[in-house]
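# Tertiary structure, described
Okay, here's what each chain looks like letter by letter:
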Amino acid sequence: MPNDPLFQFIDVSYEAGGNKILSRINFAVHKGEFLAVLGASGAGKSSLLRMFNSLTSPSQGQINFRTQNIDSDIQCLRKNVGILFQNPVVFSGNIRDNLLAAGRWDNNIAQTLDHELTHALEQVEMGNIELTHNAKDLSGGEQQRLALARTLLNHPQVLLLDEPTSNLDPKLSRSIMDLVDKLRKTLKLTVIAVSHDHLLMRRYAGRVIVLSRGEIVGDGPFKALDRSAVFEKAGLLGNEVNDET
Amino acid sequence: MRPDFYVLNWNDLIVSLAFIAFSLFLIKKWKLGLEQTLLVGTLRSFVQLTLMGYVLTWFFDQQHWAFMLSLLFIMILIASYEGTRRQKNEIPHFFSAMFVALLGSAILILGTILLFILDVEPWYSPYAAIPIGGMIIGNGLNSTSLTANRFVGELRHREKEIETLLALGATPKLAVYDAMKASIHAALIPNINAMMTVGLVQLPGVMTGQILAGIDPIIAVRYQIMIMYMWFTTATMANIIMLTIVYRQFFTKKMQLRRELLREQA
């Protein structure tokens, strides 16, 4: 069905080490959305994000991906749902080695030609860097772009962002998020980003879910949310690191 | 002229107590505070090894395959328990992993040595099976204990890398492959180094013991060569079997890294 949600969270709760991290979470994400999940540190947003590609499973409740249980084919799910971590992992070796990391188990990626790899780098605005360049020598922003290019080679439908710009300065953060937004439009991606920075996210996200102590306290377009009340309740005011220019 | 035997009698052993007396003198002079510990250690080593000598004499008199298999089985159980006790980290089912690794290595390597290299007749002769079995199990225990500790360290160090690979669609085995490789390398390098320097830097214990017992050095050397090869194969095989079982314990059925097992324990 064309209107079926891409993801559906049904009464999802999560506990770890005896602590309640998420409580009775219910929401759906539709294809093409740019969803921001906002919350203060410890609100449960990273745990929630990891559930979208089954790196973490709920203690209770169910998650559906394209109307099927999310765990019905985990490897297929993870190829369809790429993730960009806060600190990108760069493997030893050159840029080509990094882009072809999934080639160890995926023949399609192992057989990717150099011009296709260069195209992937161009997509993340790194077309001027040689494939033979040592990946460990890249700057923080470039490493994040390389991780993005590596994820894009899997041709995902969904991109998860786990505070991908929190270690970057405001200008670099903006340029990474501009790039993600551009890719979302050109590749028709669904983007789900967790952040504590509502000022940065409001530039890009059409919808925001606000988490506080593991519960959803707000869900809707930025404009529709009573910004000060919801954000204050979630402890988000005062966390802004990006200017609004 | 080569003596047939250097036989050590009880009087000789009493003379060797002079070493302990000299150590006690040094400990007192330097006020190291180890007198009591040394005396207990001296007494325990004497009593334990003397008893072991009588036990071994009894073992060597037993000529039955069931006895030999039971004894090796008990040795493997004890080694698996010791390996689990030495483990600094919580690894679910580690005892079973050790047991399978040591049992597998013992069956293949001890079996090959007894049946095809030494042509021991009967194959369960305790004179061959007990010392060689003990060396295989002991070496396997030391090597797998080190490897398992190192493997958990590698998993901790590479947690993000492993999750990145899982997120790209890797199976758990492929996601931890580099960690397994690094752990096995670290465990085997001492064995390789020993093979490189043996005879140049040190004379190995088994060879020294055989020469002192009057065996022709050429024959003693052949034994030593076989033992070095056996050690390396035991370490390689036991580590691979153990890690093949252990790495699975760090993942859920949903191919998720069990990060709670990687937290440092107090």
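Residues numbered from 1 in each chain as written. Chains lettered and ligands numbered in written order. Predicted model: local features only at pLDDT ≥ 70, side-chain atom pairs only at ≥ 80, totals over all residues. Heavy atoms only, no water.

## Things to note about the overall build of chain B
Going by this rule: Helix numbering and strand numbering both begin at the N terminus, where a helix is a DSSP run of H or I of at least 4 residues and a strand a DSSP run of E of at least 2. Burial classification: accessible surface area is computed with a 1.4 Å probe over protein chains only, and a residue below 20% of its type maximum counts as buried, one above 50% as exposed, and the rest as partly exposed. Note on contacts: a residue pair is in contact if any heavy atoms of the two residues lie within 4.5 Å. Only the protein chains shown count as cover for residues, and all accessible areas are computed by the Shrake-Rupley method using a 1.4 Å probe. We score Asp and Glu as negative and Lys and Arg as positive, and we do not count His or the chain ends. By convention, the charge on Lys lies at NZ, on Arg at CZ, on Asp at CG and on Glu at CD.
For chain B, the count of helices and strands is 10 helices and 0 strands. Secondary structure elements in chain B, listed N-terminal to C-terminal, are α-α-α-α-α-α-α-α-α-α. Along the longest, intermediate and shortest principal axes, the C-alpha atoms of chain B span 70 × 55 × 40 Å. Burial analysis of chain B (266 residues in total) assigns 38% to the buried set. Long-range pairs, those at least 24 residues apart, make up 73% of the contacts in chain B with a sequence separation of at least 6. Accessible surface, chain B as shown: approximately 15,600 Å² in total, 69% of it carbon and sulfur. Separation of charge centres in chain B, based on 21 positive and 16 negative side chains, amounts to 9 Å.

## Quick word on the domain arrangement of chain B
Residue and element names in this part refer to chain B. Using the following cut-off: As used throughout, domain bounds are those supplied by an automatic or database domain assignment. The term buried area denotes the loss of accessible surface (1.4 Å probe radius) that occurs when two parts are joined, taken as the sum for both partners. Think of a polar contact as two N or O atoms within 3.5 Å of one another; within protein, one of them needs to be a possible hydrogen donor and the other a possible acceptor, and neighboring residues in sequence only count if both atoms come from side chains. Gly counts as polar in this scheme, as do all residues outside two lists: the nonpolar Ala, Val, Leu, Ile, Met, Phe, Trp, Tyr, Cys and Pro, and the charged Asp, Glu, Lys and Arg.
Partitioning chain B into domains gives domain 1 (1-61) and domain 2 (64-262). Placing the centre of domain 1 and that of domain 2 at their C-alpha centroids yields a distance of 30 Å. In this complex, domain 1 contributes 9 residues to the contact, which on the side of domain 2 involves 11 residues. Summed over both sides, the interface between domain 1 and domain 2 buries roughly 800 Å², with carbon and sulfur atoms accounting for 71% of that surface. For the interface between domain 1 and domain 2, the tally reads 0 residue pairs in polar contact (both at pLDDT 80 or more). Split by residue class, the side of domain 1 that touches domain 2 holds 7 nonpolar, no polar and 2 charged.

## Examining the pattern of salt bridges
Rules: The salt bridge definition used is simple: a Lys or Arg side-chain nitrogen within 4 Å of an Asp or Glu carboxyl oxygen.
Tallied over the full model, the rule gives 22 salt bridges over all chains. The partner of Asp181(A) in a salt bridge is Lys185(A), and the shortest N-O contact between them spans 3.1 Å. Highlighted residues: Asp181(A) and Lys185(A), both in helix α7 (residues 170-186), separated by 4 residues, approximately one helical turn. Since its relative accessible area comes to 54%, Lys185(A) is described here as exposed. Between Arg263(B) and Glu159(B) there is a salt bridge, with the nearest N and O atoms lying 2.7 Å from each other. With Arg263(B) in the segment after α10 (217-249) and Glu159(B) in helix α6 (residues 159-167), the pair connects residues that are 104 residues apart, well separated along the chain. By relative accessible area, Arg263(B) is classed as partly exposed at 42%. Here the residues in one salt-bridge network are Arg150(B), Glu154(B), Arg158(B) and Glu161(B), joined through shared partners.

## Points about unusual backbone geometry
Most peptide bonds take the trans form, and the phi angle of most residues other than glycine is negative. With an omega of -5°, the peptide bond between Glu121(B) and Pro122(B) qualifies as cis. Within the secondary structure layout, Pro122(B) lies in the loop between α4 (94-117) and α5 (126-157). Despite not being glycine, Asp11(A) has its phi angle at roughly 50°, a positive value. Position of Asp11(A) among the secondary structure elements: in strand β1 (residues 7-16). You can call Asp11(A) partly exposed: its relative accessible area is 31%. Located in the positive-phi region is Arg213(A), a residue other than glycine, with phi close to 45°. You can see Arg213(A) is positioned in the loop between β9 (207-212) and β10 (215-220).

## What to know about the packing of helix α9 (residues 205-212) of chain B against α10(B)
Residue and element names in this part refer to chain B. Spelled out, the test is: As a rule, the C-alpha atoms of each element are fitted with a line to give its axis, helices using only the stretch in contact, and angles between N-to-C directions run from 0 to 180 degrees. In these notes the angle categories are as follows: under 35 degrees is roughly parallel, over 145 is roughly antiparallel, 65 to 115 is roughly perpendicular, and the rest is oblique. What makes a crossing left-handed is the near helix being turned counterclockwise from the far one by less than a right angle; a clockwise turn instead makes it right-handed.
Contact geometry for α9 and α10: axes closest at 9 Å, N-to-C directions at 155°. It follows from the interaxial angle that α9 and α10 lie roughly antiparallel. Here the hand of the crossing between α9 and α10 comes out right-handed. Listed contacts from α10 to Val206, Met207, Gln210 and Ile211 of α9 are Pro217, Ala220, Val221, Tyr223, Gln224 and Ile227. Its residues placed into classes, the contact of α9 with α10 shows 8 nonpolar, 2 polar and no charged.

## Examining the pairing of strand β4 (residues 60-65) of chain A
Residue and element names in this part refer to chain A. Basically, it comes down to this: Note on pairing: two strands pair once DSSP finds at least 2 bridges between them.
Pairing geometry for β1 and β4, over 5 bridges, is antiparallel. Bridge pairing in β4 places Phe9 opposite Ile63. Pairing analysis gives 2 bridges linking β4 to strand β5 (residues 68-69), with the strands arranged antiparallel. Across the sheet, Asn64 pairs through a bridge with Asn69, a residue of β5.

## Regarding the side chain of Ser143(B)
For Ser143(B), the position within the fold is in helix α5. When sequence neighbours within four positions are dropped, the list of residues in contact with Ser143(B) reads Ala187(B), Ala235(B) and Asn239(B).

## Observations concerning the sheet that holds β5(A)
Here 4 strands make up an open sheet; going across it, the order is β2-β1-β4-β5 (chain A) and the pairing antiparallel. Edge strands, defined here as strands with exactly one partner in the open sheet, are β2 (19-29) and β5 of chain A.

## Regarding the interface of chain B and chain A
Each partner contributes residues to the interface: chain B has 18 residues there, and chain A has 22 residues. Summed over both sides, the interface between chain B and chain A buries roughly 2,000 Å², with carbon and sulfur atoms accounting for 57% of that surface. Arg50(A) is the partner of Glu163(B) in a salt bridge, and the nearest nitrogen-oxygen pair spans 2.7 Å. Counting every contact that joins chain B to chain A gives 11 residue pairs in polar contact (both at pLDDT 80 or more). Elements with a minimum of two residues in the side of chain B that touches chain A: α6 and α8 (177-197) of chain B. It is α6(B) that provides the largest number of residues to the side of chain B that touches chain A, a total of 7 residues.

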